[in-house]
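Architecture at a glance
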Amino acid sequence: MFAASIAAKTVQEEGLECEVAVLEGGRKLMTKVEISGGGRCNVMHDATMALPQILSSYPRGQRELHGLYAKHFTPQDMKSWFTSRGVALKTEQDGRMFPITDSSQTIMDVIQQEAQKWNVD
């Protein structure tokens with residue numbers, strides 16, 4: 001739903017006429033967000049770390065994340081996206097970042113609000 005919100009915003013800003021919809025494989029939207037980080041939602045890794053250091057924390061998705069981070073949406077962009085929408089984040093000793101509420105619902109709410117704002121179906 002996060003990516004759909006970004007896509008819908010881009011489509012509307014470019015003046016294109018199309019709809020953006022989320023197709024979820026499960027019965028409930030954002031199930032993976034809800035359970036990530038033990039229900040606290042591990043939003044990202046410490047945005048102040050160097051990119052190679054961040055990527056080393058994701059051995060199974062390192063290659064895919066490198067392209068995403070290098071070309072489109074950096075860790076600093078992600079942090080700014082959440083904080084500009086009122087979500088305060090904290091960094092734990094191992095570099096993982098969570099909302100200060102320690103609740104994935106905080107992240108789910110802000111993503112849902114953004115999706116509604118950009119008319120994501």
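The structure this text deals with has already been given above.
Below is a short write-up of the structure.

**Observations regarding the overall build of the protein**
The number of helices and strands found in the protein is six helices and three strands. For a compact globule of 121 residues, the expected C-alpha radius of gyration is about 14 Å, and the protein comes in at 15 Å, within 12% of that figure. On the principal axes, the C-alpha backbone points of the protein span a range of 45 × 30 × 30 Å. The buried share of the protein, reckoned over its 121 residues, is 32%. For the protein, the share of sequence-separated contacts (at least 6 apart) that also reach a separation of at least 24 residues comes to 62%. Roughly 7800 Å² of accessible area belongs to the protein as shown, and the carbon and sulfur atoms make up 51% of that amount. Across the protein, the mean location of the 13 positive side-chain charges is 7 Å away from that of the 15 negative side-chain charges.

**Observations regarding the nonpolar core**
Val43, Trp81, Phe82, Ile107 and Ile111 are the most contacted members of the largest nonpolar core, which totals 17 residues. Among the secondary structure elements, those contributing two or more residues to this core are helix H5 (75-83) and helix H6 (104-117). In terms of residues, this core owes the most to one element, H6, which gives four residues. Leaving out residues up to four positions away in the same chain, Val43 has contacts with Phe82, Leu89, Met97, Phe98, Pro99 and Ile107. If you look at the next biggest cluster of nonpolar residues, it comprises eight residues, including Val11, Val20, Trp118 and Val120.

**Quick look at the pattern of salt bridges**
Tallied over the full model, the rule gives eight salt bridges. Notably, a salt bridge pairs Arg40 with Asp102, separated by 3.2 Å at the nearest N-O pair. Taken together, the residues span a long stretch of sequence, with Arg40 in the loop between helix H2 (31-35) and strand E1 (44-45) and Asp102 in the loop between strand E3 (96-99) and H6 at a distance of 62 residues. If you follow the salt bridges from partner to partner, you end up with Arg40, Lys90, Glu92, Asp94, Arg96 and Asp102 in one network.

Conventions and cut-offs
As a convention, each chain's residues are numbered from 1 in the sequence order in which they are written. It should be noted that, the model being predicted, local features are given only for residues of pLDDT at least 70 and side-chain atom pairs only at 80 or more, the latter also being counted only at that level, while totals for whole chains, interfaces and linings use all residues. Note that water and hydrogens are dropped before the side-chain values are worked out from all heavy atoms of the structure. Each helix is a run of H or I in the DSSP string that is no shorter than four residues. Each strand is a run of E no shorter than two, and both are numbered from the N terminus. For the radius of gyration, the atoms used are the C-alpha atoms, and the globule rule reads 2.2 Å times the number of residues raised to 0.38. Exposure classes here rest on a 1.4 Å probe applied to the protein chains alone. A residue is buried below 20% of its type maximum, exposed above 50%, and partly exposed in between. Residue contacts are counted whenever heavy atoms from the two residues lie within 4.5 Å of one another. Only the protein chains shown count as cover for residues, and all accessible areas are computed by the Shrake-Rupley method using a 1.4 Å probe. Counting rule applied: Lys, Arg positive; Asp, Glu negative; His and chain ends not counted. By convention, charge coordinates are those of NZ in Lys, CZ in Arg, CG in Asp, or CD in Glu. Residues belong to a common nonpolar core when they are buried Ala, Val, Leu, Ile, Met, Phe, Trp, Tyr or Cys residues joined through side-chain atoms within 4.5 Å. The term salt bridge refers to a side-chain nitrogen of Lys or Arg lying within 4 Å of a carboxyl oxygen of Asp or Glu.

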